[in-house]
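Understanding the architecture of this molecule
The chain contents come next:
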Amino acid sequence: MSENDILEMESDPEDLGDIELDMIEEEVVYPEEFLPTYHTIKEGGKVSKAIKVEFNGKPDSLFFNDGVRRIDFVLVYEDEDKKEYEKRHAFQRRKRRREHFEASLMKMGMELEATPSVLDEKLIFVKVHMPWDVLCTYAEVLHIKLPIQHNDISSRPSPWRFLSYITKQFYPDENLITKESEFFTAPFEKDRLEYFCVKDKDLFFTPSMRSRMAYYILSRAPYEVRGNIKKFGITKLLDGGVYKGAYPLHDCRFNVKSEEKDCPNERYLLFEEWAHPKSFYKIQPLDLIREYYGEKIGIYFAWLGFYTRMLTLAAVVGLGCFLYGYYIQDTSTWSKEVCDPDIGGKIVMCPQCDGCKFWTLNSTCNTSKTLCMFDNFGTLVFAIFMAVWVTLFLEFWKRHQAELEYDWDTVEFLEQEEQPRPEYEAKCIYERKNPVTGMKEKVPYTSCGRCIRVSIGITTVLFWIMLILASVVAITVYRLAVFFTFSVELKTKNLTDFEPIREYVTPQMATSVTASLINFVLIMILNVLYERVAIWITDFELPRTKTDYENSLTLKMFLFQFVNYYSSCFYIAFAKGKAVGHPGKPVYLSGKYRNEECDPGGCLIELTTQLAIIMGGKAIWNNIQEVLIPWVKNLISRHCARATSQKVTPRWEQDYQLQANSKLGLFYEYLEMVIQFGFVTLFVASFPLAPVLALVNNLIEIRVDAWKITTQFRRIVPEKAQDIGAWQPILQGITILAVVTNAMIIAFTSDMIPRLVYYWSFSVYPYGDNVENTMKGYINSSLSVFNISELPSKDHTALPNITTCRYRDYRFPPGHPKQYEHNMYYWHVIAAKMAFIIVVEHVVYFTKFILSYMIPDVPYAVKEQIKREKYLTQVILHETNLKLVSKRLRPAENDTEN
């Protein structure tokens, strides 16, 4: 390919109205390499046109007007001849490209039939059909696996079969959704057609297979040829406005069965047994989901359902931990000491900011009681339980995924089987030797060029992550600035109008809640910006396959979202209140803002507040986006259609009125769930109710997603997928990090370790006066003493008969030779925290390793079936080769005899 073959932008004056399509980058490609049935239509050559017919009045028909040829895909465009005369010239180029594109499709063997719209005279619907020969060709190109023999391996009875009578009511109605027959399968080959189970050619390839093959051709068919330059792909035509839509058909209306005798009514069954609110308790019909929407959609709902089932156990244990904390909040010794008028009421605390006033410890009584519900010994047990739970979740998911891989014929779904993206193919101008096949192939960049692209991408990602961190610093400055304002205003203003909540409105709580709300709004705004940046970087890197593209985009978006969602939580958990100095010598940020201090009970309650607001707000916002917006759009579209016409509309026009699917498909659904998974695991030691909230959200999410794709969106183009892709290592990384974060939260954010040190060491001799271990006196022991006279006069208002105040730390009192230096209690606590982190991490990681080793990734029964299928495939190949050899030997034998 020469440099002259690279396309440059045309600038014909008559094409100014089509500038959108010209802005799309287009380069040379040779579709013959990827489309075996392709034949070039020469420049200026005669192009065939699709036959135009009128709608035959059958609203549920999935066939051409002849009732024989099945509709595999639908293209929609606006007829330029119906537009105003003065604007018509601006659309002529679009018309030429569309006609060339459709002629190319027919040249490849596809059959087209155009039908005018019933509701809008400007719209034309082009129905696409793939004949048997074309289907066979591209089934071989795409390595589609098809049945060769019934599965003769009997499934082993489940040890839990006695529960089948109880669980039967939770399964979809077997009279509606029958169990599929099990087959051994092999990649399709036309030369070995007799070995495949072909009972009916019209039903041999499922509608989802046919749609997938049709989209493959549409994505690579050329729409313009100028010399050696060939421009191709339905994606570019959609982006340029040549077509208004391209989609496979739903097989019927979601709430009414089709009257067509050959219609399987799978959409109706999915709505009744899966997407309808009345079926919320039923197990998902995964095989039917996969059959209708493809493996990629099926594996997502399989993962989401499995994750939700596993959350049930975590939610039960977490709820039990919370109820235990609620039960002991009034009996906790240290909480009672805070609320006791003779103890907490007489302890005067030092001001926590410049200009703040003194305050008594019992003013935080309700906060301390609330903290007891989340900061107790049950939380420690729950955090360790979650570390084991998350390991079991991933290991059992691998086993379940292996079963799905076998059942859905994706066990050997290798990279070589996945075809390159059209955007990748369009820029292949360099040659290299494929290290796997040894054959020469075209690539879009050299090794050096790829390194440059990746380096630029990494640099851009790091820059935007630093920008996110800058927003976190801004929130921190806000917290420091407004804490003083709340401290002054809440003390001086009368809050009688808020009497029910007045006792809960403390400066710390007001600052925490407002900062969390602002942080949530900032997160939602930044998400929009980071999405565009991540897509731009990934497009620039130019991954080869769609899986590579999605994995690369997934990693970038998760890095952005990880920092965006979790950075504020990490700040509260591990930075806030850790470097504050002591009264009289506080630490300042930038020499101006005094660092925040935690509540005397610790920062755990603020971390809990932050998690609750972000998790709750995110769930509400996502449901609004996923449900309300598409529902309102479709409602408006249906209302306008009814207002203009009462005519019967065909199946393809009903689908056109639905919402178009996102180009990124399931990306946002996975991202939403993985971010939630991070909240459930990374910070669960501070919020044991996180699994409960996640479980409730997921039970709704499954049905909302099912309802959305079944009723509000056009049918998704089926795609092959072996697993959940890049999300799997991301989940594994989160689980490893979760052990560290939860151990550190318990050690540094929670007050549990200091309490244990006091209970076992400092409450009894030689440090304490008690005879036996007790928590009595803990509050007094955990607060140090400071001489008020050493405070700058501008930082406090003098109190009569008060010479000292208390603050949260372990330091020697005034008058001691080492006054205001850390005491022995402090070093005991630090040593205990370090020991706790080390012991917990080693124990949990060792347990995770043992569990991972003991639980095989692939069940034994599945391994047997895979070996059996490979054996049968080899036998078929051997028999075929023998027949070919025999055919070649017979002529030679005949010649010898003669």
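The structure under discussion appears in the preceding block.
Residues numbered from 1 in each chain as written. Predicted model: local features only at pLDDT ≥ 70, side-chain atom pairs only at ≥ 80, totals over all residues. Heavy atoms only, no water.

1. So, the overall build of the protein
Broken down by element type, the protein carries 28 helices and 19 strands. When each of the 898 residues of the protein is scored for burial, the buried share is 52%. Nonlocal contacts in the protein, meaning residues at least 24 apart in sequence, comprise 77% of its contacts between residues at least 6 apart. About 43,400 Å² of surface is accessible on the protein, with carbon and sulfur atoms providing 59% of the total. (Helix = DSSP H or I, 4+ residues; strand = E, 2+ residues; numbered from the N terminus. Buried < 20%, exposed > 50% of the residue type's maximum accessible area, 1.4 Å probe, protein only. Contact = heavy atoms within 4.5 Å. Areas by Shrake-Rupley, 256 points an atom, 1.4 Å probe, with all protein chains shown as cover.)

2. Topic: the pattern of salt bridges
The tally for this structure, following the rule as stated, stands at 23 salt bridges. A salt bridge links Asp72 to Arg210; its shortest N-O distance comes to 2.6 Å. Taken together, the residues Asp72 in the loop between strand E1 (51–52) and strand E2 (73–78) and Arg210 in helix H7 (residues 207–218) connect sequence positions 138 residues apart. Judged by its relative accessible area of 2%, Asp72 is buried. (Salt bridge = Lys/Arg side-chain N within 4 Å of Asp/Glu carboxyl O.)

3. Considering the packing of aromatic side chains
Applying the stated criterion across every chain yields a total of 48 aromatic pairs. For the pair Phe204 and Phe205, a centre-to-centre distance of 4.9 Å together with 70 degrees between the ring planes defines the contact as edge-to-face. Like Phe205, Phe204 is buried. The ring of Phe232 carries the charged tip of Lys236 above its face, separated from the ring centre by 5.7 Å. (Phe/Tyr/Trp six-rings, centres within 6.5 Å; stacked < 30°, edge-to-face > 60°. Lys NZ or Arg CZ within 6 Å of the ring centre and 35° of its normal.)

4. Considerations on the packing of helix H14 (residues 377–407) against helix H27 (residues 824–854)
Axis separation between H14 and H27 bottoms out at 10 Å; the angle between their running directions is 25 degrees. Accordingly, the angle class assigned to the pair H14 and H27 is roughly parallel. Of the two possible hands of crossing, H14 and H27 adopt the one that is right-handed. Facing Leu380, Ala387, Val388, Val390, Thr391, Leu392 and Glu395 of H14, the residues of H27 in contact are Phe836, Val844, Thr847, Lys848, Leu851 and Ser852. Grouping the constituent residues of the contact of H14 with H27 by class yields eight nonpolar, three polar and two charged. (Axes fitted to C-alpha atoms, helices over the stretch in contact; angles between N-to-C directions. Parallel < 35°, antiparallel > 145°, perpendicular 65-115°, else oblique. Left-handed = near helix turned anticlockwise from the far one by under 90°. Nonpolar A, V, L, I, M, F, W, Y, C, P; charged D, E, K, R; others polar.)

5. Examining the state of the cysteines
In this structure the tally under the stated criterion is two disulfides. Each sulfur in the disulfide pair Cys339 and Cys365 lies 1.9 Å from the other. Note on the Cys339 and Cys365 pair: the S-S dihedral is about 100 degrees, so by sign convention the disulfide is right-handed. One end of the pair, Cys339, is in helix H12 (residues 333–339); the other, Cys365, is in helix H13 (residues 365–374), and 26 residues separate them in sequence. The class of Cys365 is buried, set by a relative accessible area of 14%. With a sulfur-sulfur separation of 1.8 Å, Cys350 is cross-linked through a disulfide to Cys805. Because the sign of the S-S torsion sets the handedness, a value of about 90 degrees for the bond joining Cys350 and Cys805 places this disulfide among the right-handed ones. Of this pair, Cys350 sits in the loop between strand E10 (348–349) and strand E11 (359–360) while Cys805 sits in strand E19 (residues 804–808); the two residues are 455 residues apart in sequence, bridging distant segments of the chain. The buried category is assigned to Cys350, whose relative accessible area is 4%. Judged by its relative accessible area of 0%, Cys805 falls in the buried class. (Disulfide = S-S within 2.5 Å.)

6. Some words on the environment of Cys263
When you line up the elements, Cys263 lands in the loop between strand E9 (245–247) and helix H9 (266–275). Given the relative accessible area of 9%, Cys263 is considered buried. For the pair formed by Cys263 and Asp60, sequence separation is 203 residues and the distance between their alpha carbons is 8.6 Å. With sequence-adjacent residues up to four places away left out, Cys263 is seen in contact with Leu62, Asp251, Cys252 and Ser258.

7. Remarks on a negative patch on the surface
On the surface, a cluster of negative charge is contributed by Glu180, Glu182, Asp287, Glu403 and Asp407. Inspection of the secondary structure puts Glu180 in the loop between helix H5 (164–167) and strand E6 (183–187). (Patch = residues over 30% accessible without salt bridge, like charges linked within 9 Å, V, L, I, M, F, W, Y side chains within 5 Å. Lys, Arg positive; Asp, Glu negative; His and termini not counted. Charge placed at Lys NZ, Arg CZ, Asp CG, Glu CD.)

8. With respect to the sheet that holds E1
The sheet built from five strands is open, its strands ordered E1-E3-E4-E2-E9 with mixed pairing. Of all the strands in the sheet, the pair left with one neighbour each is E1 and E9. The pairing of E1 with strand E3 (residues 111–116) spans two bridges and is classified as parallel. Note on E3: the bridge partner recorded for Lys52 is Ala114. On top of the sheet, helix H3 (residues 92–107) reaches E2, E3 and strand E4 (123–129); it is set at about 160 degrees to E2, its chief contact. Sheet contacts for H7: E2 and E4; angle to E2, the most-contacted strand, approximately 45 degrees. (Pairing = 2+ DSSP bridges.)

9. Some points on a nonpolar patch on the surface
A cluster of nonpolar side chains, Ile620, Trp621, Ile624, Leu628, Ile629, Trp631, Val632, Leu635 and Ile636, forms an exposed patch at the surface whose accessible area comes to about 800 Å². Within the element layout of this structure, Ile636 appears in helix H20 (residues 604–644).

10. Topic: H3
Every α-helix winds through 3.6 residues per turn, so residues three or four apart in the chain are directed the same way. Under the 1.5 Å per step criterion, the end-to-end length of H3 is 22 Å for 16 residues, consistent within 8% with the ideal 22 Å. Just downstream of H3, Gly109 is the residue with a positive phi angle, here 105 degrees. (Expected span 1.5 Å × (residues − 1).)

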